[in-house]
Structures are given as C-alpha cells and as structure tokens.
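# Descriptive structure summary
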Amino acid sequence: MVVLVTGANGQLGQSIQFIANKYPNIQFVYTDFQEMDITNIENCQAVFAKHQPHFCINTAAYTAVDKAESESDKAHLINAVGPENLAKVCKEFDTILVHISTDFIFDGTSKVPYLETDIPNPKSIYGQTKLDGELAIQKNWEKHFIVRTSWVYSQFGANFMKTMLRLASERDTLSVVNDQIGTPTYAVDLAEVLIKIINTENPTPNTQRPFGVYNFSNEGVCSWYDFAAAIFHQKGIQIDLKPIPTDSYPTPAKRPAYSVLDKTKIKKVFGVEIKNWKESLTISLNHLN
C-alpha cells in the first residue's frame with residue numbers, strides 16, 4: 001500500500017515519519033512543497049503518476065493564524081486551492097484523500113463539545129480558508145476523510161509546548177490566557193489515528209469505507225493557561241504563571257473561546273481509544289528529552 005504524505009516537514013508530517021516503521025505494510029512517500037506543490041495541479045499530477053498512491057494524507061497547511069489576516073491570498077492558496085487540487089487529482093487516480101482540518105472553522109460560542117454536523121462559522125481568515133478547503137474536497141471527490149483537530153503540539157516543529165519551554169528559560173514570569181477552552185492534541189496520537197483509518201478494511205467486500213468528517217483530539221478539557229501550567233509542572237519548572245483574559249492579549253485573528261470537539265463518532269466507527277491530554281503531554285515531553 002502506497003501512502004503519499006504532503007507537508008512532510010511539518011509537525012504532523014514528522015510525527016507520521018516517527019511512527020512509520022511500526023507499519024511495514026505501508027510504503028510511505030514523503031513530500032514537502034519542494035517535491036510537490038499542492039497549489040500547482042500539474043505538479044500534483046506528475047507526482048501521483050510517478051507513485052500511484054492508494055492514499056494521500058494532506059498535512060500541508062498555512063497555519064500562521066495571525067499572519068493569515070494580512071496574507072489572506074497565500075492562506076487561501078494553500079488551505080483552499082491546494083486541497084481542491086488534491087481532491088481533483090485523487091479522483092483522477094482513484095486515491096483516497098485524508099485531509100486535516102481544524103477547530104477554527106467554528107465560532108467558539110458553543111457550550112458543549114462540537115459535533116461533526118454542527119454548522120461552521122469561522123471568525124478568522126485562517127478558519128475560513130480551512131473551511132473552504134473542506135468544502136472544495138467534499139465538492140470534488142467523495143472518497144475522503146476530513147479529520148478536524150485542535151491545539152496540535154509535539155516534540156517536532158514549532159508549537160505551544162516548545163514556545164512555553166523556551167519562554168520559561170528566558171523569563172521569570174509569564175501571562176497566558178485562561179478563557180479560551182479546548183483540548184491539546186499530541187500530533188503523534190493524531191498520526192496513529194490517521195494510520196488506523198487507512199488500515200481499517202472495508203466493512204464488507206462490496207460496501208464503501210465510512211468516508212466523511214471526523215473529530216479527533218486528545219481527551220479532556222483545559223485552557224491555554226492550564227496547558228502551560230501542566231507543561232511547567234511536569235518539567236518541574238518554577239515560574240510565576242499568571243492567568244489573563246483574551247482581551248488583555250489582543251491578536252490580529254479572533255480565537256474560538258470554546259472549541260472542544262466531540263469524538264464519539266471516530267471512537268465508534270474506528271474503535272479508537274484516546275488518551276487524556278495530560279498523559280500524552282508526558283509522552284511528548286519525554287521524547288523531547
């Protein structure tokens with residue numbers, strides 16, 4: 001089985017590479033924008049023609065949430081046009097597309113965890129471009145899995161966990177928002193789930209795979225302040241950590257105040273067991289060491 005991974009140098013792409021040797025049945029082909037530019041459909045067609053992938057995992061994305069407010073064209077190109085190109089090329093080669101989306105497609109006004117069927121209402125350019133990417137895939141190619149996730153971090157790439165550790169080494173005091181509520185997602189746990197989706201056989205020979213939209217994050221709920229506190233606690237770092245409201249830390253892009261995702265569907269359909277975010281944080285910190 002050939003699985004083409006886009007955005008292979010990002011933290012999710014690196015997390016897939018980190019676990020790949022556990023799956024000898026899969027031949028992974030890793031591409032970043034140098035090898036395959038998802039915004040160039042001819043380039044995508046050439047790479048697909050060469051490797052004939054059974055699956056394409058699209059981890060490529062424009063994820064600079066605040067920068068997207070001033071670089072909307074670039075964000076749209078990577079997050080909307082890119083997935084549309086991949087959907088069209090996947091259809092051409094009968095490749096199943098596995099695409100990563102985000103909690104930012106929601107406005108954050110809910111008081112209960114978001115279901116896959118809840119109506120999106122993004123409040124940022126980033127969120128809108130990610131939603132546009134989802135819609136483009138759904139319009140162009142039925143054989144897709146869209147996996148929405150939140151607050152992704154790992155021992156790879158740039159992320160909140162590594163930023164907190166760096167800042168703690170530079171300062172004695174730190175302020176972190178405590179009124180944005182969600183769930184951290186360990187990128188390696190997400191990578192494992194994507195492989196599980198790929199490795200799950202069709203229910204019966206003549207039925208289709210359970211294509212569609214799925215939510216995945218770790219279990220549990222916290223604020224960014226709670227997340228930072230857990231990082232410092234687990235590392236034994238002494239720092240004066242202060243909780244602040246979002247309006248004390250204005251950013252160009254509006255964040256969802258509440259973006260907890262309901263994982264009932266993915267657990268039921270794929271039999272996924274999900275770790276609590278604190279347990280996965282311990283694992284990630286250990287790998288960082």
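The present account deals with the structure reproduced in this document. (Residues numbered from 1 in each chain as written. Predicted model: local features only at pLDDT ≥ 70, side-chain atom pairs only at ≥ 80, totals over all residues. Heavy atoms only, no water.)

## A look at the overall build of the chain
When helices and strands are counted, the chain shows nine helices and twelve strands. For 289 residues, the compact-globule formula gives about 19 Å, and the C-alpha radius of gyration of the chain, at 19 Å, lands near that figure. Based on the C-alpha atoms only, the size of the chain along its principal axes is roughly 55 × 40 × 35 Å. Taken over 289 residues, the chain has a buried fraction of 52%. Long-range pairs, those at least 24 residues apart, make up 83% of the contacts in the chain between residues at least 6 apart in sequence. Total accessible area on the chain is roughly 13100 Å²; 51% of this is exposed by carbon and sulfur atoms. Charged side chains of the chain number 27 positive and 31 negative; the gap between the two group centres comes to 2 Å. (Helix = DSSP H or I, 4+ residues; strand = E, 2+ residues; numbered from the N terminus. Rg over C-alpha atoms; globule rule 2.2 N^0.38 Å. Buried < 20%, exposed > 50% of the residue type's maximum accessible area, 1.4 Å probe, protein only. Contact = heavy atoms within 4.5 Å. Areas by Shrake-Rupley, 256 points an atom, 1.4 Å probe, with all protein chains shown as cover. Lys, Arg positive; Asp, Glu negative; His and termini not counted. Charge placed at Lys NZ, Arg CZ, Asp CG, Glu CD.)

## As for unusual backbone geometry
Located in the positive-phi region is aspartate 94, a residue other than glycine, with phi close to 55 degrees. Residue placement: aspartate 94 occurs in the loop between α3 (72-93) and β4 (96-102).

## Comments concerning the packing of helix α7 (residues 224-235) against helix α9 (residues 277-288)
Two elements in contact, α7 and α9, have axes whose closest approach is 11 Å; the angle formed by their N-to-C orientations is 50 degrees. By the angle between their directions, the pair α7 and α9 is classed as oblique. As for how α7 packs across α9, the hand of that crossing is right-handed. Judged by residue contacts, Asp226, Phe227, Ala230, Ile231, Gln234 and Lys235 of α7 engage Trp277, Lys278, Leu281, Thr282 and Leu285 from α9. Class assignment of the residues belonging to the contact of α7 with α9 gives a composition of six nonpolar, two polar and three charged. (Axes fitted to C-alpha atoms, helices over the stretch in contact; angles between N-to-C directions. Parallel < 35°, antiparallel > 145°, perpendicular 65-115°, else oblique. Left-handed = near helix turned anticlockwise from the far one by under 90°. Nonpolar A, V, L, I, M, F, W, Y, C, P; charged D, E, K, R; others polar.)

## Some words on the pattern of salt bridges
Per the stated rule, a full pass over the model turns up ten salt bridges. Two residues, glutamate 192 and lysine 22, come together in a salt bridge whose shortest N-O distance is 2.5 Å. Here lysine 22 lies in the loop between α1 (11-19) and β2 (27-30) and glutamate 192 lies in helix α6 (residues 187-199), a separation of 170 residues in the sequence. The shortest N-O distance in the salt bridge between lysine 275 and aspartate 189 comes to 3.6 Å. Remark: aspartate 189 occurs in helix α6 and lysine 275 occurs in the loop between α8 (264-270) and α9; sequence separation between them is 86 residues. By relative accessible area, which is 10% here, aspartate 189 ends up buried. (Salt bridge = Lys/Arg side-chain N within 4 Å of Asp/Glu carboxyl O.)

## What about the layout of surface pockets?
There is about 190 Å³ of room inside the second largest pocket. Lining the second largest pocket are Asp189, Glu192, Val193, Lys196, Phe216, Gly271, Val272, Glu273, Ile274 and Lys275. (1 Å grid on protein atoms, 1.4 Å probe; cavity = no way out; pocket = protein on both sides within 12 Å on 5 of 7 lines; lining within 4 Å. Points joined across faces, edges and corners; volume = space filled by probe spheres on them.)

## What about the side chain of threonine 183?
Along the chain, the position of threonine 183 falls in the loop between β8 (181-182) and β9 (185-186). By relative accessible area, which is 0% here, threonine 183 ends up buried. For threonine 183, the side chain forms a polar contact with the main-chain oxygen of glycine 220, separated by 2.7 Å. (Polar contact = N/O pair within 3.5 Å; in protein donor to acceptor, adjacent residues only side chain to side chain.)

## Observations concerning the sheet that holds β2
Strand order in the open sheet formed by six strands is β2-β1-β3-β4-β5-β10, and the pairing between neighbours is parallel. Edge positions in the sheet fall to β2 and β10 (212-215), since each of these pairs with one other strand and no more. Neighbour to neighbour, the strand axes of the sheet diverge by 20 degrees on average, direction disregarded. Across four bridges, the pairing between strand β5 (residues 144-149) and β10 is parallel. The residue bridging isoleucine 146 from the neighbouring strand is valine 213, located in β10. Seen against the sheet, α3 touches β1 (2-6), β3 (55-58) and β4 and runs at an angle of roughly 165 degrees to β4. (Pairing = 2+ DSSP bridges.)

## Concerning the pairing of β4
Counting buried positions along β4 gives seven out of seven residues, so the element sits mostly inside the fold. Side chains Ile96, Val98, Ile100 and Thr102 of β4 all project onto a buried face; the interleaved residues Leu97, His99 and Ser101 project onto the opposite face, where all are buried too. As paired elements, β3 and β4 share four bridges and run parallel to each other. Looking across to β4, one finds that asparagine 58 is bridged to histidine 99.

## A closer look at the nonpolar core
In this structure, Met164, Leu194, Phe227, Ile231, Phe232, Ile266 and Leu281 are the most contacted members of the largest nonpolar core, which totals 58 residues. Looking at this core, the element that brings in the most residues is α6, giving nine residues. Leaving out residues up to four positions away in the same chain, phenylalanine 232 has contacts with Met164, Ala168, Leu174, Ile237, Ile239 and Leu241. (Core = buried A, V, L, I, M, F, W, Y, C linked by side-chain atoms within 4.5 Å.)

## Let's talk about the packing of aromatic side chains
Taken as a whole and assessed by the stated rule, the structure comprises 16 aromatic pairs. Both rings, one in phenylalanine 227 and one in tryptophan 277, keep their centres 5.7 Å apart while their planes meet at 85 degrees; by these two values the pair is edge-to-face. Of this pair, phenylalanine 227 sits in helix α7 while tryptophan 277 sits in helix α9, placing them 50 residues apart in sequence. Like tryptophan 277, phenylalanine 227 is buried. The rings of Trp151, Tyr153, Phe160, Tyr186, Trp224, Phe227 and Trp277 are connected pair by pair, giving a single aromatic cluster. (Phe/Tyr/Trp six-rings, centres within 6.5 Å; stacked < 30°, edge-to-face > 60°.)

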